[in-house]
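# Coordinates in review
In case you want the letters, here they are:
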Amino acid sequence: GEDEGAVSDGRMRKRRSDEEVALRIRLYNEGGHFQAALRTVWARASHIMVPILKKHWHQVFSNPLSRVAPHDVDKFVAVVLESTEQRYTWPIDAKWIDLCARRGREQVGMNISQPMAVRGLMDSGTALNAAISEHFADDMEFVALALDTINRLHCIDVEITKTQIGILHNARTATELAD
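Residues numbered from 1 in each chain as written. Predicted model: local features only at pLDDT ≥ 70, side-chain atom pairs only at ≥ 80, totals over all residues. Heavy atoms only, no water.

This next bit is on the confidence of the model for the protein. Residue-level pLDDT values for the protein average 87, and 87% of them are 70 or greater. When mean pLDDT is taken per element in the protein, helix 2 (residues 33-62) scores highest with 96 and strand 1 (residues 7-8) scores lowest with 37. Below pLDDT 50 for its whole length, residues 1-13 participates in 22 contacts with residues either more than four positions away or in separate chains. (pLDDT = per-residue confidence, 0-100. Helix = DSSP H or I, 4+ residues; strand = E, 2+ residues; numbered from the N terminus. Contact = heavy atoms within 4.5 Å.)

Right, here's the structure in full:
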């Protein structure tokens, strides 16, 4: 495989190497435990999570600092909701890693503010944690699992997204220098 951003056939890579993807699957999935945790949280709490995420991301994307055009807000919210469900329900494999990386490609392609995206992710985690803690107050074992899983997913999301943005910026810089 190739290193991230390595030149191949005269072009810069715009995706991770197979080795980088395999490393992330091995480290992040923890032998299938993380995938099982994601599915458990989604199965038990998606009815709480989806309305919170819908409202939250609508507010984030409506903020002018997000750089999302007002007529695109609902489209962006729908994309986030769909990809969130996929993150929680798909097997953790190369397709899942690419799903997470897609957010980085979308942020670059649509010129979305990275600080606003990260802030939005942090605030959505806070809202989800509070709602799950309240709704499942009589099941602290599930609350602990859910909070840990959401936190891990957000950390993984930020790492994969930021790495993808770096790959794209390296490819753009190389192209500009070659011209």
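The next thing to look at is the pattern of salt bridges. For side chains bearing opposite charge, pairing can occur when the charged atoms are close. For the structure on display, the rule yields eleven salt bridges. For Arg24, the salt bridge goes to Glu159, with nearest N and O atoms at 2.6 Å. In this pair, Arg24 is assigned in helix 1 (residues 18-29) and Glu159 in helix 6 (residues 140-178), connecting sequence segments 135 residues apart. The buried category is assigned to Arg24, whose relative accessible area is 7%. (Salt bridge = Lys/Arg side-chain N within 4 Å of Asp/Glu carboxyl O. Buried < 20%, exposed > 50% of the residue type's maximum accessible area, 1.4 Å probe, protein only.)

What follows deals with the packing of aromatic side chains. A complete count under the given rule lists five aromatic pairs for this structure. Measuring from centroid to centroid gives 5.4 Å for Phe61 and Phe76, while their planes differ by 80 degrees, and the two rings are edge-to-face. Taken together, the residues span a long stretch of sequence, with Phe61 in helix 2 and Phe76 in helix 3 (residues 73-89) at a distance of 15 residues. Judged by relative accessible area, Phe61 falls into the buried class, the value being 7%. Here the aromatic cluster, defined as three or more aromatic residues joined through ring pairs, consists of Trp57, Phe61 and Phe76. Residue placement shows Arg44 over the ring face of Phe142; its charged tip is 4.2 Å from the ring centre. The ring centre of Trp90 lies 4.5 Å from the NZ or CZ of Lys95, which sits over that ring. (Phe/Tyr/Trp six-rings, centres within 6.5 Å; stacked < 30°, edge-to-face > 60°. Lys NZ or Arg CZ within 6 Å of the ring centre and 35° of its normal.)

Enumeration according to the criterion identifies one cavity of 30 Å³ or more in this entry. Roughly 100 Å³ of volume is contained in the largest cavity. Where the lining of the largest cavity is concerned, the elements lending two or more residues are helix 2, helix 3, helix 5 (114-135) and helix 6. For the lining of the largest cavity, the leading source of residues is helix 3, giving four residues. (1 Å grid on protein atoms, 1.4 Å probe; cavity = no way out; pocket = protein on both sides within 12 Å on 5 of 7 lines; lining within 4 Å. Points joined across faces, edges and corners; volume = space filled by probe spheres on them.)

So, on to the layout of surface pockets. Computed from the structure, the largest pocket encloses a volume of approximately 290 Å³. Along the walls of the largest pocket sit 18 residues, with Phe61, Val80, Arg103, Gln107 and Ala117 positioned nearest its centre. Put simply, the parts of the chain that give the lining of the largest pocket at least two residues each are helix 2, helix 3, helix 4 (94-109), helix 5 and helix 6. Its residues assigned to classes, the lining of the largest pocket comprises eleven nonpolar, two polar and five charged. (Nonpolar A, V, L, I, M, F, W, Y, C, P; charged D, E, K, R; others polar.)

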